[in-house]
Amino acid sequence: MAMPSTPGPRIRSGTGPGKGSRDGSRNGPRIRSRRGYALAAMLTATTLASTVPAAGAALAAPAHRGGGTARPTIVLVHGAFADASSWGEVVPLLQHDGYRVLAPANPLRGLPGDTAYLASVLRSIEGPIVLAGHSYGGAVISGAAVGNPHVKALVYINALVPDKGEVLSVLSSRYPGSELTPALKQVPFTGPNGSTGTDLYIRPERFRPVFAASLTPAAAAVLAATQRPITAQALADAAGPVAWRTIPSWALVSTQDRALPPELERFEARRARSHTVEINAPHLVMLTHPKAVRSLILDAARSRATTREPARTLAASDSTGPAVTGATGAAVVAGMGLVSGMGMVSVVRRRRPTVS
């Protein structure tokens, strides 16, 4: 919108007799000049008053690419026989896409305790969350997200997805095809309080065929040597309330998984009504096919089903600079009416709002 130029009082240049006031003083032209400035200021103030409300309405909420008003934090939870480094190929991909990523340590000390620990981590995060879990991590995220309104999506990667009351060892044996149980080594331990338990490891010679068939033997050997055990009690614990009954979910099924039967993963995905994809990959799919995992997580992060914030609004922006938002931005946009010259108001221009 443009305002026609408005000429101010005509002012003669010079200050000598015959060029100023009739008596030759400088007071005449100065008075007329001040009147010109006053008129210009009045017109500019009118422009500001008329444009601030409109600009404020357009800039009340910053626009955000990808929908919604805020990008979610993506939290990645590893499973048994692994640590957070199992997400090492996926994290930089998601960070490159502009997301904040957190991959906390899963204690692997028992389902109730692991669930409570992750729930406390989630409570420390501001804004929306997309929560992804691999293998045993799927059971942990299902419980940890209960009652947390910030968790907008659950992503299950070759995961155990129990219902309330189900025991993980019973659930994992529901369908044939797993080679995990005979590959396990049991190691007794004593806890800090004197209690005893049993840790479970995958035997090094069975780690690659059962867990990471597509990796090189050398890479699989390193993972086998650095694996973190899970206490046997975790697989004997019954699941508590589960979040997938109320939170949208996505699931990835690896057809070459030998740790968890693919048919079990399909059953769980159907039961949870998950958006499901299948790929030809082993159990440790985050390292063998990180782009496929990243793609599914992005689907969850960008889904309208998980974006419950108000719809995006238009933002006014300069053609060569960032979007101008908020009350300050409204004043800047309104203040594009400029006063120039001796008592002349220049054209006031407002750019059309554009989607940032």
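The structure we're discussing is the one just above.
Residues numbered from 1 in each chain as written. Predicted model: local features only at pLDDT ≥ 70, side-chain atom pairs only at ≥ 80, totals over all residues. Heavy atoms only, no water.

Engineer: With reference to specific residues and values, describe the pairing of strand β1 (residues 73-77).
Structural biologist: In terms of burial, β1 is a largely internal element, five of the five residues being buried. With burial as the criterion, each face of β1 is covered, one bearing T73, V75 and V77 and the other bearing I74 and L76. Of the strand pairs in this sheet, β1 and strand β3 (residues 129-134) are connected by five bridges, and their pairing is parallel. Considered in β3, the bridge of L76 is made with A132. Looking at chain direction, β1 and strand β2 (residues 101-102) are connected through two bridges and run parallel. Residue pairing across strands places I74 opposite V101, the latter belonging to β2. Once you follow β1 into helix α2 (residues 91-96) and on to β2, the crossover reads as right-handed. (Buried < 20%, exposed > 50% of the residue type's maximum accessible area, 1.4 Å probe, protein only. Helix = DSSP H or I, 4+ residues; strand = E, 2+ residues; numbered from the N terminus. Pairing = 2+ DSSP bridges. Right-handed = clockwise from strand over helix to strand, strands pointing away.)

Engineer: Describe in detail unusual backbone geometry, supporting the description with residues and values.
Structural biologist: If a residue is not glycine, its phi is most likely negative; likewise, a peptide bond is most likely trans. The backbone of L108 shows a phi angle near 60°, a positive value even though the residue is not glycine. Here L108 lies in the loop between β2 and α3 (111-123). We note that R273 has phi near 55°; this positive angle belongs to a residue other than glycine. Mapping R273 onto the fold places it in the loop between α9 (262-271) and β9 (275-279).

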